[in-house]
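Residues per chain are reported as follows:
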Amino acid sequence: MTPSRTGGATLIEVEHLTMRFGGLVAIDDVSFTARPREITAIIGPNGAGKTTVFNCITGFYKPTVGRLTLRGEPDYLLERMLGHEIGQKARVARTFQNIRLFPGMTVLENLLVAQHNKLMRASGMSIYGLLGLKRFRTAEAEAIDKARLWLERIQLVADADRPAGELPYGAQRRLEIARAMCTDPRLLCLDEPAAGLNPRESAELNDLLVSIRDRDGVGVLLIEHDMSVVMTISDHVVVLDYGRKIAEGAPEEVRNDPSVIRAYLGTEDGADA
Amino acid sequence: MDARLPPMLKDAALTALIAAALGIFIAGFRTYDVGKGLTFDFQLVDLAIAVVTIFFGRLGLQLASIGLKWPAFVLGTILGAIGAAPVRLPSTFLHWFIVLAGILIILRTIWPWANAAMAHARHSPRGVIYSQHFAKWFGAALLVAAVLMPFAPFADQKTMDLAVLILTYVMLGWGLNIVVGLAGLLDLGYVAFYAVGAYSYALLSTQYGLGFWSVLPLAGMMAATFGLVLGFPVLRLRGDYLAIVTMGFGEIIRLVLLNWVDLSNGPAGIGGIPGPTLFGAVFAETAPAGRQTFAEMMGVPFSSNQRLIYLYYIILLLALVTNLFTQRIRRLPVGRAWEALREDETACKALGINPTNTKLTAFAVGAMFAGFAGSFFAAKQRFISPESFTFIESAIILAIVVMGGMGSQIGVVLAAVLLIGLPEWFRDLGAYRMVVFGLAMVLIMVFRPRGLIAHREPSVRLHPVRAGP
């Protein structure tokens, strides 16, 4: 284990995670941990199984073998939970490789839907809401304030009432992150957030992710191909290749690891070491 | 002469030829029953007029499509004038046909211009405000008109009957709009819940003597329960699969009603269902023992219209409740979650929204309003049988929602008036009225593929709309 900035605390513990689709082994006995208030990057060539790891953590797939523990009070065993419970109870949020906003709804509505469970409780299963009680109106005003705060952080206040599908690509990426953050997550899983961004947008994304780590104190799991993002902001890097973990450590260590260089560039004679 | 003209003439001639070839069998002959068998007459004059109209109609559309506005406009006006002229054509339908051709050409001519102007208006801040005001005032005006309608001079029995029918469909449309328009669940078996509501009232009133107003909430709850029970196993399906299964459930309910004779009296149906009362007063010429009639209570002479007007106000009230409920719930978390589920179910799951529960609430709430409408239907008809709850009813209600514009409240009203009202008003056209019905549907789908009113008003705004500088 590499020394970390937050001491020995663990946020999520992935143990012996294996995922088979029929005869195909997408992930083969992968174990790693991520800490709170850290950005842990998962990198690897295409088809290495990065998104499959995410889908296991967020409940979209049920792992064939392995245990996924979200540490906290109490601990949650994610592999035993239903998809939506992972967001609702364990408070793991995620974004998607191909953006999945609610395109016909406005930017603000997207952020309010993310606060659904909190608002649902305040609306007393909609009954207080239907009656227009003050208790619900206060909760809704708070939710809108929170949404406005995030819109300020991603510079989209002026576009709040536009349908999300009309926004430019980079803004949609930022909005998806803000939407995930509106669920008050403890762990935020980002699947290639920098894909398709220009260098300026990419730098802005770095600032946003660092502020999510430092200001909001959220642990971030990051899948990314853009090495300028990975090497600048991550605290810890896990490298996958063909479903196996081939290296792990601080960005500097991983960058110079011969097996990582081999996985990305291939060896000179094409033979395995 | 314009070089573009000959190909257009050729095209129009070809179209007319096809129309002639098809029409000779459809409209070219007329069969008569002469006692010993059938004989037929030629109707070649009718056919010739129709074919010539089609020739000029096609020509006009072509002119409009290449941007020759004025010739197209003139041609359309001439056709309209010929159709409306007091010359004697062999049938009234031909008059309509020619007028319609003229209107189509004119519409086609002004369409691109009107469309561009509307698109421009929609995107300017002033346009947004106008459209909001317009929607508000239009809705208010419709409401006032609806409340005053029974006292209008044209409100005879036939008109009132039709108005009650249209309002029933408006209410069903608004109810289904929750399921299809907001939650995006394609439900082809909506009529099942309508049937549950109708049979709830029919059975509870004839067997246990309960009144309309006490059964109404029970019927709603009963239908909602059926919605939950039917919804639970099927709501994990999506799109087309869900549509097919709900259609199956709709048929199952009808078949159960048809065959479970002990409960529902089977195909013979249930008769003698009491009508709704007003503070205990009945709407009939003579009251049963211990009751009084509405006429006695108010001290006015009895008229059969009183009952109809009362029914009209009940369904108007029920429809308004449905509308207000939908408007309100759309702004609540559950309503937003419905819309979010329609947009992207996977994203909802990732945000911790329970998709099954959320869909079930939409299904149950939609079913509840169908239950209300069903018990109204039973009270109005006083006789129900499984025949009233066939698949075609579900299809019509769904058509109202889709053509009105998914999720649009005013759109449902327009579509209900169009789909239910038009076939009734055009009864004079005889067998051709279904052609007009089909034509109206095709036109809406061509010109407004997302429904009559496709605009979606956000459920909440961060910046209230203000007039631009």
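Attention now moves to the overall build of chain B. A tally of helices and strands in chain B yields 18 helices and two strands. Principal axes of the C-alpha set define a box for chain B whose edges measure 80 × 70 × 45 Å. When contacts within chain B are restricted to residue pairs at least 6 apart in sequence, those whose partners lie at least 24 apart make up 72%.

Looking now at the environment of S214 of chain B. Residues and elements named next belong to chain B. Residue position: S214 is located in helix α8 (residues 212-234). For S214, a count of 10 C-beta atoms within 10 Å translates into the label exposed. For the pair formed by S214 and L204, sequence separation is ten residues and the distance between their alpha carbons is 9.9 Å.

Tallying the contact residues gives 30 residues for chain A and 27 residues for chain B. Residues belonging to the side of chain A that touches chain B are distributed by class as follows: twelve nonpolar, 13 polar and five charged.

Here we come to the sheet that holds strand β9 (residues 236-241) of chain A. Residues and elements named next belong to chain A. In space, the six strands of this open sheet follow the order β6-β7-β8-β3-β9-β10, with mixed pairing throughout. In this open sheet, the two strands that pair with only one neighbour each are β6 (92-94) and β10 (244-249). Taking each pair of neighbouring strands and ignoring which way they run, the sheet shows an average axis angle of 20°. Taken together, the four bridges between strand β3 (residues 39-43) and β9 define a ladder with parallel strand orientation. Residue pairing for β9: I43 is matched across the bridge by V239. Sheet contacts for helix α8 (residues 199-214): β3, β7 (187-191) and β8 (219-223); angle to β8, the most-contacted strand, approximately 150°. Lying on the sheet, helix α11 (residues 258-265) is in contact with β9 and β10; it crosses β10 at an angle near 130°.

Residue and element names in this part refer to chain A. Looking along the chain, the bond that leaves E73 and enters P74 is cis, with omega of -5°. Relative to the elements of secondary structure, P74 occurs in the loop between β4 (65-70) and β5 (76-77). Positive phi values are uncommon outside glycine, yet Y242 reaches one of about 45°. Judged by the 15 C-beta atoms lying within 10 Å of it, Y242 falls in the partly exposed class.

As a further point, take the packing of helix α6 (residues 157-182) of chain B against helix α17 (residues 409-425) of chain B. Residue and element names in this part refer to chain B. Running from N to C, α6 and α17 cross one another at 140°; their axes reach a closest spacing of 9 Å. The pairing of α6 with α17 is recorded here as oblique in orientation. Crossing geometry of α6 relative to α17 is assigned as right-handed. Mapping the contact onto sequence places L162, L165, I166, Y169, V170, G173, W174 and N177 in α6 and Q409, V412, V413, A415, A416, V417, I420, G421 and E424 in α17. A per-class count over the contact of α6 with α17 returns twelve nonpolar, four polar and one charged.

Basis of the calculations
Residues numbered from 1 in each chain as written. Chains lettered and ligands numbered in written order. Predicted model: local features only at pLDDT ≥ 70, side-chain atom pairs only at ≥ 80, totals over all residues. Helix = DSSP H or I, 4+ residues; strand = E, 2+ residues; numbered from the N terminus. Contact = placed C-beta atoms within 7 Å. Buried ≥ 20, exposed ≤ 12 C-beta atoms within 10 Å, placed from the backbone. Nonpolar A, V, L, I, M, F, W, Y, C, P; charged D, E, K, R; others polar. Pairing = 2+ DSSP bridges. Axes fitted to C-alpha atoms, helices over the stretch in contact; angles between N-to-C directions. Parallel < 35°, antiparallel > 145°, perpendicular 65-115°, else oblique. Left-handed = near helix turned anticlockwise from the far one by under 90°.

Function-wise, these values are silent; they only describe arrangement.
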